Amino acid sequence: MPAKTAIPDTRALLATAVTSVGGAERQGQVEMAEAVDHSIRTGEHLAVQAGTGTGKSLAYLVPSLRHAVAEEATVVISTATIALQRQLVDRDLPRLSKALKKELGREPNFAILKGRRNYLCMHRLHSGAPEEPDDGALFDPFAVSRLGREVKRLHEWSSETETGDRDELVPGVTEQAWKQVSVTARECLGVAKCPIGVDCFAERARAEAGKADVVVTNHAMLAIDAIEGFQVLPEHDVVVIDEAHDLVDRVTSVATEELSAAAIASAARRCGRLIDQSVADRMVEASEGLAMLLEDLPVGRMDELPRALAGTLAAVRDASHACISSLGPERKEDVEGATNRKLALSLLEEVHDGAVRILDAFDDERDVVWVSGDFADRGRAPTLRVAPLGVGGLLREKLFGKRTTVLTSATLTLGGTFDTLARQWGLPASSQNRRAEGTATEKEPPSDSAPIRWTGLDVGSPFQHGSSGILYVARHLPPPGRDGLPPSYVDEIEGLVNAAGGRTLGLFSSMRAAKAAAEALRDKVEYTVFCQGDDATGQLVKKFAEDPRSCLFGTLSLWQGVDVPGPSLQLVVMDRIPFPRPDDPLASARQKAVSERGGNGFLTVAATHAALLLAQGAGRLLRSMNDKGVVAILDPRLATARYGGFLRASLPPYWTTYDPEVVRAALKRLDAAVEAGK
Ligand code: SF4
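Quick notes on the rules
- Residues numbered from 1 in each chain as written.
- Predicted model: local features only at pLDDT ≥ 70, side-chain atom pairs only at ≥ 80, totals over all residues.
- Heavy atoms only, no water.
- pLDDT = per-residue confidence, 0-100.
- Contact = heavy atoms within 4.5 Å.
- Helix = DSSP H or I, 4+ residues; strand = E, 2+ residues; numbered from the N terminus.
- Expected span 1.5 Å × (residues − 1).
- Buried < 20%, exposed > 50% of the residue type's maximum accessible area, 1.4 Å probe, protein only.
- Salt bridge = Lys/Arg side-chain N within 4 Å of Asp/Glu carboxyl O.
- Axes fitted to C-alpha atoms, helices over the stretch in contact; angles between N-to-C directions.
- Parallel < 35°, antiparallel > 145°, perpendicular 65-115°, else oblique.
- Left-handed = near helix turned anticlockwise from the far one by under 90°.
- Nonpolar A, V, L, I, M, F, W, Y, C, P; charged D, E, K, R; others polar.
- Near = heavy atom within 4 Å.
- Pairing = 2+ DSSP bridges.
- Arc of directions from axis to C-beta.

### Regarding the confidence of the model for the chain
Here's step 1: Considering every residue of the chain, the mean pLDDT works out to 89; 92% of them sit at 70 or more.
Here's step 2: Confidence over residues 431-448 falls short of pLDDT 50; this stretch has 43 contacts with residues more than four positions distant or in other chains.

This is the structure in structure tokens:
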């Protein structure tokens, strides 16, 4: 066999890549690429914070491609958002693969892999097994006819699409319609039994991923693969987790289950046609029992399992088990029979597993159980939910214990240290800020009992935060109350928006506050004020970016998802420190658990949550090298409370002022400069 030509090192490959895309060498990018390369070679995990403008995707893609080609291995890249997935697959990876073809000896290939639910299931589409409709939809003729139109459109689309990927369907369809033509992993017949077989879109995507050097996926898939133990990703020894600040929340979502009377009734209807009616009727009775009980239970966290609920859950568990037994083992039946059996079985297993998990939750205290639902407000029936108290143990054992992991984001240090997030990931804390190394000391070891080594690296940001941005804390305002937005806050926003000449992104801690501010401002200022909910969020962001004198107000998804460089965004206003609501069941349970272990529950859980969101929100301001502006936080507690220092240390290092005159004058100057430059 001819000897392989040596592949140049990561630094040389990065230089080639940067030149080919017409960029210049950036110190932070080089530092990050070399650290990722070191992590891949040594197996030591890496958490790397890289500010906007670092070019971090190139910094991890180059060493990843190098490793994949040199070792004939697969590297998995996981993202939290579809926007980043698109950027990687549609822009960065195609350009990079071509640019590095010569040095790598061949053009590397890549694939995107999503959950089975994201792909059109041709078998479901043609077998016509309908989704059980929502109770509400049954009585709404408009919903029924819209559903019919959407399903018809999906049938037409099925003969045009090459990928069956839901994200490529424009405009999209409702969840209800999509459910009619897709299956979950549990509902899938399996490629061996399905008449569509290898022509299935999901199977084709998996096959492509199996051959790829780099597979791009999302945090949920990563969690299902690593933590839930279903092998949905190809074998890989390295995983890069971008937008890692969202990892814990996404993993928690995957590990959250719910149980409602409607779900039990739906499972009963599905299996009723396949088994003895008297057995299915036990499920109907259990569903009615749960519905009655849940109506009387208060919404919120449950610290003890009420005796009546324990009895009902046991009845649900036993009834679903009886139905599963009645369905019997798989038979050589016709395809239609197999499909109906599989759909029924998957619903029954969900109900059964949910009931068992909730019953067990009160013994081992690893899970938190709560009742959710706001029937009075929005007609949502009460539902039982169960989620893990923490996911650090799972991540440590199933992710860090098994493969080399690189975590990256613009926000990984909180209060100036990686330790806060490291603890949530299950990594041992370390004492250094900028470059921290740690060895596992906690009692629960990883799966192979080896210590977990990791390094934290902050490569900084190319932006000059101190001279480009001002942090204004409205120390003179009263602390925010419980009853909506105080009038003094509205006046403050009005003064700031007028000084900025529009150009404002308003990030509010609740939709109610965002709407109240938008309504009030529309009467007071001459600029257009868009508010989240008026249109699809993507459309609103587009309109806001196109009209520099407009404002956009909204809540959580805007805190993290807006990328508007240039003069349309020179002011970010936040109404209050975004602590979790005191009645948030998971946050309050986590806080209680930390306090019971002798720690500071508030600082560890609530302040950390707030710090992450504040840093993300403040990061909306500077998006390109020429951007300048103000981050205004109206909540005076950022300046006056004891935890204020921790929160401020989590924000980019903007120049800070408490003086409203100073900040309004600065905003006016920025506005005038934009106008003069036209
Ligand atoms: S293999 Fe599964 S997902 Fe694919 S067409 Fe068949 S049932 Fe649908």
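### Thoughts on helix α13 (residues 261-272)
Given 3.6 residues per helical turn, the α-helix brings residues three or four places apart onto the same face.
Here's step 1: When the terminal C-alpha atoms of α13 are compared, their 16 Å separation across twelve residues agrees well with the 16 Å that a helix rising 1.5 Å per residue should span.
Here's step 2: All buried positions along α13 are accounted for by A261, I264, S266, A267, A268, R270, C271 and G272.
Here's step 3: Its buried side turned inward, α13 meets α6 (122-127), β6 (257-259), α14 (277-296), α15 (307-327) and α16 (335-364).

### Remarks on the pattern of salt bridges
Here's step 1: One pass over the full model with this rule turns up 36 salt bridges.
Here's step 2: As a salt-bridge pair, K152 and E156 come within 3.5 Å of each other at their nearest N and O atoms. Taken together, the positions of K152 and E156, both in helix α8 (residues 141-158) and four residues apart, correspond to about one turn of that helix.
Here's step 3: Given the relative accessible area of 54%, K152 is considered exposed.
Here's step 4: Assessed through its relative accessible area of 41%, E156 is described here as partly exposed.
Here's step 5: Residue R637 is joined to D635 by a salt bridge in which the shortest nitrogen-to-oxygen separation is 2.7 Å.

### A short note on the packing of helix α11 (residues 219-226) against helix α12 (residues 247-254)
Here's step 1: Closest axis-to-axis distance for the α11/α12 pair is 9 Å, and the angle between their directions is 60 degrees. Accordingly, the angle class assigned to the pair α11 and α12 is oblique. With respect to the hand of their crossing, α11 and α12 are arranged in right-handed fashion. Note on element contacts: α12 touches α11 through L247, R250, V251 and V254, opposite H219, A220, A223 and I224.
Here's step 2: Among the residues forming the contact of α11 with α12, the class breakdown is six nonpolar, one polar and one charged.

### Here we look at the site of the ligand
Here's step 1: Every residue close to the ligand is listed here: R116, C121, M122, H123, V183, C188, L189, C194, I196 and C200.
Here's step 2: Per-class residue counts for the shell around the ligand are eight nonpolar, one polar and one charged.

### A closer look at the sheet that holds strand β15 (residues 529-531)
Note on sheets: strands pair through backbone hydrogen bonds, and any given pair is parallel or antiparallel.
Here's step 1: Strand order in this open sheet of seven strands is β15-β16-β14-β17-β18-β13-β19, and the pairing throughout is parallel. With partners counted over all chains shown, the strands left at the sheet margins are β15 and β19 (655-657), one partner each. For this sheet, the mean inter-axis angle between neighbouring strands, taken without regard to orientation, is 20 degrees.
Here's step 2: Sitting on the sheet, helix α26 (residues 601-618) touches β14 (504-507), β17 (571-574) and β18 (629-633), and the angle it makes with β17 is about 155 degrees.

### What to know about the sheet that holds strand β8 (residues 367-372)
Here's step 1: Across the sheet, which stays open at both edges, the four strands sit in the order β6-β9-β8-β7 with antiparallel pairing between neighbours. Pairing within the sheet leaves two strands with one partner each, and these edge strands are β6 and β7 (300-302). In this sheet, neighbouring strand axes are inclined to one another by 30 degrees on average, regardless of whether the strands run parallel or antiparallel.

### A few points about the environment of C194
Here's step 1: Within the fold, C194 resides in the loop between α9 (175-180) and α10 (201-211).
Here's step 2: Residue classification places C194 among the buried positions, given a relative accessible area of 17%.
Here's step 3: Taking C-alpha positions, C194 is 9.9 Å from M122, a pair spaced 72 residues apart along the chain.
Here's step 4: Once residues lying within four places of it in the same chain are set aside, the contact partners of C194 are H123 and L189.

### Focus: α12
Here's step 1: Among the residues making up α12, those that are buried are L247, V248, V251 and T252. An end-on view of α12 places all buried positions within 130 degrees of arc, on one side of the element.

### Some words on the pairing of β14
Here's step 1: Burial of the side chains of β14 extends over both faces: T504 and G506 are buried on one face and L505 and L507 on the other.
Here's step 2: As paired elements, β14 and β17 share four bridges and run parallel to each other. Along β17, the bridge assignment pairs G506 with V573.

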